[in-house]
Amino acid sequence: MASTPLTLAALATSAVPDLAVHGASGLASGPSGSFLSALIESDRGRLIVRVPRTAAAEAEQSGELLGRSALTSGTRTQLPFEVPETLGLTRAGDSRAVVSTFLEGEHFSVQDLSDDSLLLQPIAEAMSAIHRLPASTVQQAGLASRSAAEARAASARLVERAEATRMLPSTVAARWAEVLQATELWEFAPTVVHGSLDDTQLLVADDLVVGVLGWSELQISDPA
């Protein structure tokens, strides 16, 4: 499997026809090194090439490709931030290399946000913009679409699996039991959701959200 920035750069030229590469450097990507990644300097700007190292990472990448493809150019104009664009892919040993546009911006830790943080409003606006996308964005791509009842059932199954491990604190289990029984909490209108949004997926600059990564869990479900 590809293991060096130069090897990944070579894969990028295979994935993207007529790509001229000017340089490549290693790039950390994914928890516990779940991806081999490189930042490519090219005639098309800065690009990122990633090769999954595990079956779980490959499944995540597959979902991400589907999610990005659902976000057409017209859909992206409705979002106040950038989304990576997939430029090409090619085989890399038993896996594949995917080349995407590289988004500028900084990561942050949600633990560093205070009640009066300037980032709170932009984060809320970014999430709201995703929720306002038309349902057809997800439906036409054949991605998951859950009703309120289905979202409730999925949450119940998740709690059951957590309880089966015997590692779920009793106070957490009791709280979730209350939530699952509170019918009024599940009377919502499903919307488009990112599905795996957290601080690792957000890129910020000048107290604004400038990019959103991920998209492997794009679906219609509970906006909460």
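Refer to the structure presented above.
One structure accompanies this document, and this report is about it. Fair warning: this is a prediction, and the values are worked out from it, not measured in the lab. Throughout this document, residue positions are counted from 1 along each chain, in the order its sequence is written. In keeping with the model being predicted, local features are shown solely for residues with a pLDDT of at least 70 and side-chain atom pairs are shown and tallied solely at 80 or more, while totals for entire chains, interfaces and linings include all residues. Heavy atoms throughout the structure, all of them, feed into the side-chain values; hydrogens and water do not.

**Topic: the pattern of salt bridges**
To be explicit about the condition: Every case where a carboxyl oxygen of Asp or Glu lies within 4 Å of a side-chain nitrogen of Lys or Arg is listed as a salt bridge. A run of DSSP states H or I qualifies as a helix once it reaches four residues; a run of E qualifies as a strand once it reaches two. Both are numbered from the N-terminal end. Residue exposure (1.4 Å probe, protein chains only): buried if accessible area is under 20% of the type maximum, exposed if over 50%, otherwise partly exposed.
Applying the stated criterion across every chain yields a total of five salt bridges. Ionic pairing is found between Glu104 and Arg46, a salt bridge with its closest N-O pair at 3.1 Å. On the criterion of sequence distance, the pair formed by Glu104 in the loop between β5 (95-101) and α4 (120-131) and Arg46 in strand β3 (residues 45-52) is long-range, its members being 58 residues apart. For Glu104, a relative accessible area of 46% translates into the label partly exposed. According to the relative accessible area criterion, Arg46 is partly exposed, its value standing at 34%. Here Glu64 makes a salt bridge to Arg68, at a shortest N to O gap of 3.0 Å. With Glu64 and Arg68 both in helix α2 (residues 55-70), this residue pair falls four residues apart, about one helical turn. By relative accessible area, which is 7% here, Glu64 ends up buried.

**Considerations on the pairing of β3**
Let me state the cut-off plainly: Should DSSP find at least two bridges between two strands, the strands are taken to pair.
The buried fraction of β3 amounts to six of the eight residues, a majority that puts the element mostly inside the structure. Inspection of the sheet shows strand β2 (residues 35-42) paired to β3 by eight bridges, in the antiparallel sense. What sits directly across from Ser42, in β3, is Gly45. Between β2 and β3, which pair antiparallel in sequence order, lie two residues. Pairing analysis gives four bridges linking β3 to β5, with the strands arranged antiparallel. Along β5, the bridge assignment pairs Leu47 with Thr101.

Read these as geometric descriptors, not functional statements.
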